[in-house]
Amino acid sequence: MADNIFFEFLHMEMVDYVYKMDVSREEHEQVKMNAISTLENMGFRVGQGLIERFTKDTPSFKDDLDVMKFLCKDFWVNVFRKQIDNLRTNHQGTYVLQDSKFSLLTQFSNRKQYLLEAPRYLAYTCGMVRGALSNLGVDSIVTAEVSLMPACKFQVVIQRS
């Protein structure tokens, strides 16, 4: 429990730091894009490292669905101390991961002003998921959406080459 709180506060401060650092340099819209990119890249690297650790003693996965199930169960439990609440797929490379009480958003009120700022707090996690998938050999695009705090949906689109 205490570890989660430390991670949540560290995450909030990291996001605020990246945004404040960029605000002093450029225009507002460009600042948002730079900050989101910075946070996602940080998450990408962390996701790569974590998935190496978590899959060390795991047999290889047979398909993308197995990878996504592992991500929703084992990876999410190790990082956020709970499983994803719902995993949906169209069986054509698009997966939607639903978390009804995402831990990095529970500290915020569900007022509209916080709903508008929620995406900045999801960029790191999107990068983490993308990095984990990348290290498992799955190229993807990961986006997040919040319609009611603290619930969120992560959409993973597998890139076929």
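As a reminder, the structure under discussion sits directly above these lines.
Note that the coordinates shown come from a computational prediction; the quantities given were computed from them, not determined experimentally.

Peer 1: Describe unusual backbone geometry, naming the residues involved and giving the relevant values.
Peer 2: Look at the link from Met149 to Pro150: it is a cis peptide, with omega at -5°. Summarising the element assignment, Pro150 is placed in the loop between β3 (140-148) and β4 (151-158). Its identity as a non-glycine residue notwithstanding, Arg81 has a phi of 65°, on the positive side. Following the sequence through the fold, Arg81 ends up in the loop between α3 (64-80) and β1 (86-89). Residue class for Arg81 comes out partly exposed when judged on its relative accessible area of 48%. Positive phi, normally seen in glycine, also occurs at His91, with a value near 60°. Residue placement: His91 occurs in the loop between β1 and β2 (94-99). When its relative accessible area of 66% is taken as the criterion, His91 is described as exposed.

Peer 1: Kindly report on the sheet that holds β4, identifying the contributing residues and their values.
Peer 2: If you walk across this open sheet you meet the four strands as β1-β2-β4-β3, and the pairing is antiparallel. Two strands bound the open sheet, and with one partner strand each, they are β1 and β3. Shown here is a sheet whose adjacent strand axes are inclined to one another by a mean of 20°, direction ignored. Across seven bridges, the pairing between β3 and β4 is antiparallel. Across the sheet, the residue bridging to Ser140 is Ile158, located in β4. Contacts between α3 and the sheet are confined to β1, β2 and β4, with β2 contributing the most and set at about 15° to the helix. Against the sheet, helix α5 (residues 123-135) touches β3 and β4, its axis set at about 150° to β3.

Cut-off values and rules
Residues numbered from 1 in each chain as written. Predicted model: local features only at pLDDT ≥ 70, side-chain atom pairs only at ≥ 80, totals over all residues. Heavy atoms only, no water. Helix = DSSP H or I, 4+ residues; strand = E, 2+ residues; numbered from the N terminus. Buried < 20%, exposed > 50% of the residue type's maximum accessible area, 1.4 Å probe, protein only. Pairing = 2+ DSSP bridges. Axes fitted to C-alpha atoms, helices over the stretch in contact; angles between N-to-C directions. Contact = heavy atoms within 4.5 Å.

None of the figures reported here should be taken as evidence of function without further support.
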